[in-house]
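Fold and contact review
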Amino acid sequence: MKLIQRRHIPLLSAHKDHTASAAITPLAAPELVVIPLRQHIGEAGEPAVAIGDRVRIGDVVGESAARVTATVHASVSGRIRDVKDYPHPLGGLVPAVVIENDGRDEWVDLPVIGEPEHATPDELRSAVRRAGVVGMAGAGFPTAVKLDPPPDSDIDTVIINVMEGEPYLSADHRMALEHSDEVVDGLRWIMKMVDAPHAILAVESDKEDAAAALERAVATAGLGSRAEVRLLPRDYAAGAEKILVEVVLGREIPSGGFPYDVGVESQNVSTTAAVSRAIRLGSPLVERVVTVAGDGVERPGNYLIRIGTSFDHVLDEVGRTGDVDRVIMGGPMMGIAQADLAVPVIKTTTGILAMSPAESRQGSEVPCIHCAWCVEVCPIGLMPYLLVDLVRFLDPRDAAAYNILDCFECGLCDFVCPANIPLVDVIRGGKHTLRERTA
Amino acid sequence: MKVTSSPHVRRLLSKPRVMWEAFGALLPAAIFGIWYFGPIDTLPQVVAAIAGAVAAQAIVERFRHRPITVMDGAPWVTGLILGMSLPPALSPLIALAGGAVATGVIKEFVTTSTGRTLLNPAMAARVLIVSEFLVPMTTFPVDGVSGATPLASATGPGYFDMFFGTRGGSIGETTAVLLLLGGAYLMWRGIIRWHIPAAYLVGVVVTSLILGRDPLFDLLAGATIMTAFFIVTDPTTSPATVPGRFGFGFATAGIATFIRITTLFPTGEALGVVLGNIATPFIDRVVTNRVYGTGKRRERKPA
Ligand code: SF4
Ligand code: SF4
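Residues numbered from 1 in each chain as written. Chains lettered and ligands numbered in written order. Predicted model: local features only at pLDDT ≥ 70, side-chain atom pairs only at ≥ 80, totals over all residues. Heavy atoms only, no water.

1. Side note on the overall build of chain A
Check the secondary structure of chain A and you find 15 helices and 17 strands. Computed over C-alpha atoms, the radius of gyration of chain A comes to 21 Å, within 12% of the 22 Å expected from 2.2 N^0.38 for 439 residues, which places it in the range of a compact globule. Along the longest, intermediate and shortest principal axes, the C-alpha atoms of chain A span 60 × 50 × 45 Å. Relative to its full complement of 439 residues, chain A shows a buried share of 60%. A total of about 16,100 Å² of accessible surface is found on chain A, and carbon and sulfur atoms cover 51% of it. (Helix = DSSP H or I, 4+ residues; strand = E, 2+ residues; numbered from the N terminus. Rg over C-alpha atoms; globule rule 2.2 N^0.38 Å. Buried < 20%, exposed > 50% of the residue type's maximum accessible area, 1.4 Å probe, protein only. Areas by Shrake-Rupley, 256 points an atom, 1.4 Å probe, with all protein chains shown as cover.)

This is how it looks when you write it as structure tokens:
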């Protein structure tokens, strides 16, 4: 008997069909971009420009000397209008650089590595770091740091995550399909940086076209003997790094540990393409593909959007329609609802969803009926209803004994709960309380 | 814009849906029983049990200043299960009181430390009724004549009668075939899982064999099928993990069957279920799933 049940939970996959076939289209840049100095896990950057300065695309506008940080760059050419605290899509106010777009799209001279084949891993990593690449699937961990595992870790496999299980989202799917060569090129450098002999591109089986494109790209790049494309059954949870490592290699990352603890380096597919651009072109992360969808969007699709473009501008460009009661950054399962649509697109914006009440199907909470569906779907074997009971009625400290800190907020328990209990919200609160007490 | 926590979508299977589907799955067996034992002798009790359960819950909710939720179907299911577990010709007043006690007292006030109902309300009410009204409860009509329950008689009905329900017994518990169909429907809908019913049925067979009896008879006798699919599967009062459910189903079946066989009370199941319920909160705390990345790593072949 398997201790952790793994089964496909049918999510609202139909919503993907709108955008999965929508080719990546550039979105017109706005007149103003707002570039937060923190779009990643780690230290925020210090402003590197002053009001009135002229910048070109790719100019550094914020950086820090800390190890875990990511440089941010101008995504339009123009003049710095302001440096001030600004609403951030992850919540709160974050210092940001506001640039007035002059519409000329002038680029800086990009620092290209002459022959990356002959560059050392450290030189490759500095190129990734200079380009401000972060984990683009949502976590936002600085990629150069992730590509620098502790020296004693013996990485034998790189996993490229092309699962994208979230309903609605198809940005990664389109990246893998339309930029497969870039992805495989990025993979080559990643394997070099972490010194891994083998790589697996894990593709969810509903993206067969992307898998085929990647397979061709692997063959063209002559990586056939070291990299393989693997189709995996549909499974929303397998998009999560630790679950994917388990599904692909049968290895479990220890609680609180990292993929390198089990010899794995895992990277998201869009991030991998960004690594290629950073190394081949010296190109910083100043734009990204975002799925814009939901009942409130007239022309849903995958748009190439400059970092710093406001959600309002995006929705104006794609057309607003219908009755929208929430706008989400990310997917519907793990995304974040936005209070203020002035917030900018950042490096981790996988999607912008304008959802109608009918789509989100929220209901009012009633007492738990103890059906244990939450227990059955939890991909890591937690007892979500029990965690909620402990946090709400008893002592959150007891919840630590039931591994509440391991919850990665995938949302499955909440999704299936027939009593509409906000499980993720309560568990998140409990984790917060625990961390504060132990801090 | 609404700023709520993720996830921002939900599945459609809501609590009212779950409850009304369970109600519907029980109806065929209930209707058969009402028809077989005669509506005059049975319909009033079933209706009274439901009415008692629904009314008592509404009253309690009113006085505790909570939203009235009786239309979510839960007290209807409780009342129906109780009504089906009563013998024909029992006074409807007793059924009404039983329904009221089930939701108004047991469901509401006999709770765990986190406010969850501890005992299966219908079964606890049935146990109470039995201890108060021992004689009318256990006197089941056979072929329209009042007499001792067939379980207590030396020559029981044949397997055929037991399978199709043409035998004496409680109003809605005799027709194995309709109950099995109802249970199968709920499993197909994903509302109940197979673990508890399977463990329960295995538990009945094992107990029967240990006591040197005919296991097929014991599977079809009394309220075994009803209990396995509709009563021990009550989510609130049964454990949450698969191993916990196996243990719970098996142990409850053992206790229930033992009591039923050795005491000749047809309410053995009810008492066994209530005893099993008491262990549920404890099982839930102790029999948990292994959490990813903790404890002993399981060996698994990669995909
Ligand atoms: S899914 Fe909801 S109702 Fe069911 S046990 Fe979990 S929290 Fe309770
Ligand atoms: S949100 Fe947390 S508790 Fe709920 S299913 Fe996901 S990992 Fe498990």
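Back to the write-up after that little detour.
2. Here we look at a nonpolar patch on the surface
All names here are of chain B. Side chains of V202, V206, I210, L211, F250 and F258 sit close together on the surface and give an oily, nonpolar patch of about 520 Å² of accessible area. Looking at the nonpolar patch, the elements with two or more residues in it are helix 9 (195-210) and helix 12 (242-263). Here the element with the most residues in the nonpolar patch is helix 9; it accounts for three residues. Structurally, V206 can be placed in helix 9. (Patch = residues over 30% accessible without salt bridge, like charges linked within 9 Å, V, L, I, M, F, W, Y side chains within 5 Å. Salt bridge = Lys/Arg side-chain N within 4 Å of Asp/Glu carboxyl O.)

3. As for the site of ligand 2
Neighbouring ligand 2 are C378, P379, L382, P384, C407, F408, E409, C410, G411, C413, V424 and I427 of chain A. Partitioned by chemical class, the residues of the shell around ligand 2 number 10 nonpolar, one polar and one charged. (Near = heavy atom within 4 Å. Nonpolar A, V, L, I, M, F, W, Y, C, P; charged D, E, K, R; others polar.)

4. Focus on the pattern of salt bridges
Residues and elements named next belong to chain A. In total, this model carries 44 salt bridges over all chains according to the counting rule given. Note that D185 and R280 form a salt bridge whose closest N and O atoms lie 2.9 Å from each other. Of the two residues, D185 sits in helix 5 (residues 180-194) while R280 sits in helix 8 (residues 269-280), which places them 95 residues apart along the sequence. Given the relative accessible area of 36%, R280 is considered partly exposed. Counted as one network, the salt bridges with shared partners bring together R54, D102, R104 and E106.

5. As for the packing of helix 2 (residues 39-63) of chain B against helix 4 (residues 92-109) of chain B
How two helices pack is summed up by the angle between their axes together with the distance between the axes. Residue and element names in this part refer to chain B. Between helix 2 and helix 4, the least distance of the axes is 7 Å, while the angle of their chain directions is 35°. Seen from above, helix 2 lies across helix 4 with right-handed handedness. Across the interface between the two elements, P44, Q45, A48, A49, A51, G52, A53, A56, Q57 and V60 of helix 2 pack against P92, A95, L96, G99, A100, T103, G104, K107 and E108 of helix 4. Classifying every residue of the contact of helix 2 with helix 4 by side-chain character gives 11 nonpolar, six polar and two charged. (Axes fitted to C-alpha atoms, helices over the stretch in contact; angles between N-to-C directions. Left-handed = near helix turned anticlockwise from the far one by under 90°. Contact = heavy atoms within 4.5 Å.)

6. A word on the interface of chain B and chain A
With 47 residues of chain B in contact, the opposing surface of chain A contributes 75 residues. Summed over both partners, the interface of chain B with chain A comes to about 5,600 Å²; 54% of that surface belongs to carbon and sulfur atoms. It is H8, R10 and Y292 of chain B that lose the most area in chain B upon contact with chain A, and together they represent 18% of the buried surface on that side. Taken together, the connections running from chain B to chain A amount to six salt bridges. For R245 of chain B, the salt bridge identified is with E376 of chain A, shortest N-O distance 3.2 Å. For the interface between chain B and chain A, the tally reads 28 residue pairs in polar contact (both at pLDDT 80 or more). Elements with a contribution of two residues or more to the side of chain B that touches chain A: helix 1 (15-37), helix 12 and helix 13 (268-286) of chain B. When the residues that make up the side of chain B that touches chain A are grouped by side-chain class, the tally is 18 nonpolar, 16 polar and 13 charged. (Buried area = accessible area lost by both parts, 1.4 Å probe. Polar contact = N/O pair within 3.5 Å; in protein donor to acceptor, adjacent residues only side chain to side chain.)

7. Comments concerning the environment of R167 of chain B
Residue and element names in this part refer to chain B. Mapped onto the elements, R167 comes out in the loop between helix 7 (159-164) and helix 8 (176-188). A C-alpha to C-alpha distance of 19 Å links R167 and L27, two positions 140 residues apart in sequence. Sequence-distant contacts of R167, defined by excluding residues within four places in its chain, comprise Y36, F37, P157, D161, M162, E173, T174, L220, A221 and G222.

8. A word on the nonpolar core
Formed by 81 residues in total, the largest nonpolar core has its most connected members in L26, L80, I81, M84, M123, M226 and F230 of chain B. A per-element tally of this core places helix 1 of chain B first, with nine residues. Excluding residues that lie within four positions of it along the chain, M84 of chain B makes contacts with L26, A29, A30, S170, I171, G172, E173, L179 and M226 of chain B. V133, M175, L187 and L223 of chain A belong to the second-largest nonpolar core, a separate cluster that totals 46 residues. (Core = buried A, V, L, I, M, F, W, Y, C linked by side-chain atoms within 4.5 Å.)

9. Considerations on the sheet that holds strand 10 (residues 198-204) of chain A
Strand pairing in a sheet takes place through backbone hydrogen bonds and is either antiparallel or parallel in direction. Residue and element names in this part refer to chain A. Within the open sheet, the four strands sit side by side as 11-10-9-12. Their pairing is parallel. In this open sheet, the two edge strands, each paired with only one partner strand, are strand 11 (227-232) and strand 12 (264-268). Between one strand and the next, the sheet's axes are offset by a mean angle of 25°, whatever the strand orientation. Sheet contacts for helix 8: strand 9 (157-162) and strand 12; angle to strand 12, the most-contacted strand, approximately 90°. (Pairing = 2+ DSSP bridges.)

10. As for the packing of helix 1 of chain B against helix 3 (residues 74-85) of chain B
Residues and elements named next belong to chain B. Relative to each other, helix 1 and helix 3 sit at 20°, their axes nearing to 9 Å. Here helix 1 lies roughly parallel to helix 3, going by the angle between them. Taken as a pair, helix 1 and helix 3 cross one another with a handedness that is left-handed. Across the interface between the two elements, M19, W20, A22, F23, L26, L27, A29 and A30 of helix 1 pack against A74, W76, V77, L80, I81 and M84 of helix 3. For the contact of helix 1 with helix 3, the class distribution of residues is 14 nonpolar, no polar and no charged. (Parallel < 35°, antiparallel > 145°, perpendicular 65-115°, else oblique.)

11. With respect to the confidence of the model for chain B
Residue and element names in this part refer to chain B. This prediction gives chain B a mean pLDDT of 84; 87% of its residues lie at or above 70. Scored below 50 in pLDDT, residues 141-154 makes 22 contacts in the model with residues more than four places away or belonging to other chains. ipTM for the predicted complex: 0.86, alongside a pTM of 0.87. (pLDDT = per-residue confidence, 0-100.)

12. Things to note about the pairing of strand 8 (residues 93-101) of chain A
Residues and elements named next belong to chain A. In this sheet, strand 8 lies alongside strand 2 (residues 32-36) in antiparallel orientation, the contact comprising five bridges. Across the sheet, residue V34 finds its bridge partner in strand 8, namely V98. Across nine bridges, the pairing between strand 7 (residues 78-87) and strand 8 is antiparallel. Looking at the pairing, R79 lines up with E100 of strand 8. Taken together, strand 7 and the strand that follows it, strand 8, pair antiparallel across an intervening segment of five residues, in which G91 is found at a positive phi of about 105°.

13. Things to note about the environment of C410 of chain A
Residues and elements named next belong to chain A. The topology assignment puts C410 in the loop between helix 13 (396-401) and helix 14 (412-416). With a relative accessible area of 8%, C410 lands in the buried category. For the pair C410 and A237, spaced 173 residues apart in sequence, the C-alpha to C-alpha distance is 7.2 Å.

14. A look at helix 9 of chain B
Residues spaced three or four apart along an α-helix face the same direction, because each turn holds 3.6 residues. Residues and elements named next belong to chain B. Taking 1.5 Å of rise per residue, the 16 residues of helix 9 would be expected to cover 22 Å, and the 22 Å separating its terminal C-alpha atoms lies within 8% of that figure. Here the buried face of helix 9 lies against helix 8, helix 10 (215-220), helix 11 (224-231), helix 12 and helix 13. One or two positions beyond helix 9, positive phi appears at G212, with a value near 70°. (Expected span 1.5 Å × (residues − 1).)

15. Examining the packing of aromatic side chains
The full count for this structure, using the stated rule, is nine aromatic pairs over all chains. When the centroid spacing of 5.4 Å and the interplanar angle of 55° are considered together, the rings of W20 of chain B and W76 of chain B count as tilted. With W20 of chain B in helix 1 and W76 of chain B in helix 3, the pair connects residues that are 56 residues apart, well separated along the chain. Using a relative accessible area of 30% as the deciding quantity, one classes W20 of chain B as partly exposed. You can call W76 of chain B partly exposed: its relative accessible area is 24%. Here the guanidinium or amino end of R11 of chain B rests over the ring plane of W373 of chain A, the centre of that ring lying 4.9 Å away. (Phe/Tyr/Trp six-rings, centres within 6.5 Å; stacked < 30°, edge-to-face > 60°. Lys NZ or Arg CZ within 6 Å of the ring centre and 35° of its normal.)

16. A short note on unusual backbone geometry
Across the junction of S6 of chain B and P7 of chain B, the peptide omega takes the value -5°, indicating a cis bond. Mapping P7 of chain B onto the fold places it in the segment before helix 1. With a phi angle near 40°, E164 of chain A is a residue other than glycine that sits in the positive phi range. Looking at the secondary structure, you find E164 of chain A in the loop between strand 9 and helix 4 (171-178). Here E164 of chain A falls in the buried class, since its relative accessible area comes to 11%. Despite not being glycine, H370 of chain A shows a phi value in the positive range, around 65°. Locating H370 of chain A in the fold gives a position in the loop between helix 10 (357-360) and helix 11 (373-377).

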